[in-house]
Amino acid sequence: MKTTVYNFKGGVGKTVLSLNLALTMEYSIVTNDIYSPIEKVLNEDRILKIHHDEILPAFPDDYNIIFDLGGHIDKRAISAIKQSDFVLVPVIKGFINIQVSIDTITELLALNQHVIIIANQTTPGDMDDIRAAMERFFDLPVFEIKQSKSLPNIFKEKKSVRAMVSEGGLKKYHFNAVADQFDLIIEYIKERGS
Ligand SMILES: Nc1ncnc2c1ncn2[C@@H]1O[C@H](COP(=O)(O)OP(=O)(O)O)[C@@H](O)[C@H]1O
Ligand SMILES: [Mg+2]
């Protein structure tokens, strides 16, 4: 199964969400990010960097890949988006963030109808605000990933949020809610993907 994580905007959580999904599902990551922090976590046989002058190939459908892509929709992004089962769009609060996300989703829908919105880094109330803003324009599923230290922690611990929870301990117990939120997304795409 192939999934693209996309937003024109930087800093919305594309990379950290991609990484947690890849670690949890044992997928590989293809990125257009030259300085990807993912390299420090995933083995090099599970990360592929596509430079701006390179073509992003059509990977076989039985490959399990997350495309972590930012910036404008160039040829590489079009190839990734078109071959993906789903396109996940992390959206964080704030007027500009929401405007850019609406523009992103509008462009994505021309290439792939299976867009899923992830209200990311939420604090109480944000999920409702983001959902309300998105529902004015789109009829798309909206999932939530709350603000949590477990996400930046992935780079230090080099394991998924779910794996951190499994280690036990009070601090890790705290991460259970986020691991459950990821599980809902994973269940949804696995049930409906190829
Ligand atoms: N749900 C979250 N909770 C806490 N921090 C988060 C969350 N999502 C993203 N972050 C942090 O926000 C910053 C930007 O995320 P990143 O994945 O690099 O965004 P992008 O790839 O879209 O530029 C990182 O420091 C990341 O750890
Ligand atoms: Mg990134």
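Read on for a plain summary of the structure.

Concerning the overall build of the chain
Right, on to step 1. Regarding its fold elements, the chain presents eight helices and seven strands.
Right, on to step 2. For a compact globule of 194 residues, the expected C-alpha radius of gyration is about 16 Å, and the chain comes in at 16 Å, within 12% of that figure.
Right, on to step 3. Projected onto its principal axes, the C-alpha coordinates of the chain cover approximately 45 × 40 × 30 Å.
Right, on to step 4. Split into buried and exposed, the 194 residues of the chain put 36% on the buried side.
Right, on to step 5. Partitioning the intrachain contacts of the chain with sequence separation of at least 6 by distance along the chain shows that 69% fall at a separation of at least 24.

Some remarks on the site of ligand 1
Right, on to step 1. Neighbouring ligand 1 are 14 residues; Gly13, Lys14, Thr15, Val16 and Pro152 lie closest to it.
Right, on to step 2. Of all the secondary structure elements, the ones that give two or more residues to the shell around ligand 1 are α1 (14-25), β6 (115-122) and α5 (150-157).
Right, on to step 3. Here the shell around ligand 1 gets three residues from one element, more than from any other, and that element is α1.
Right, on to step 4. A class-by-class count of the residues in the shell around ligand 1 yields five nonpolar, eight polar and one charged.

Side note on the pairing of strand β5 (residues 86-91)
Across a regular strand the side chains alternate sides, sitting on one face of the sheet and then on the other.
Right, on to step 1. With six of six residues buried, β5 lies mostly within the body of the structure.
Right, on to step 2. Side chains Phe86, Leu88 and Pro90 project from β5 onto one buried face, and the interleaved Val87, Val89 and Val91 project onto a second face that is buried too.
Right, on to step 3. By the bridge criterion, three bridges tie strand β1 (residues 2-6) to β5 in an arrangement that is parallel. Within the sheet, the bridge partner assigned to Val5 lies in β5 and is Leu88.

Observations regarding the nonpolar core
Right, on to step 1. Ranked by size, the top nonpolar core spans 46 residues in total, and within it Val87, Val89, Val91 and Ile118 carry the most contacts.
Right, on to step 2. Take this core: its biggest share by element is six residues, from α1.
Right, on to step 3. Each residue touching Ile118, except ones within four places of it in the same chain, is listed here: Leu17, Leu88, Val89, Pro90, Val91, Phe143, Ile145 and Ile185.

Conventions we followed
Residues numbered from 1 in each chain as written. Chains lettered and ligands numbered in written order. Predicted model: local features only at pLDDT ≥ 70, side-chain atom pairs only at ≥ 80, totals over all residues. Helix = DSSP H or I, 4+ residues; strand = E, 2+ residues; numbered from the N terminus. Rg over C-alpha atoms; globule rule 2.2 N^0.38 Å. Buried ≥ 20, exposed ≤ 12 C-beta atoms within 10 Å, placed from the backbone. Contact = placed C-beta atoms within 7 Å. Near = placed C-beta within 6 Å. Nonpolar A, V, L, I, M, F, W, Y, C, P; charged D, E, K, R; others polar. Pairing = 2+ DSSP bridges. Core = buried A, V, L, I, M, F, W, Y, C linked by C-beta atoms within 7 Å.

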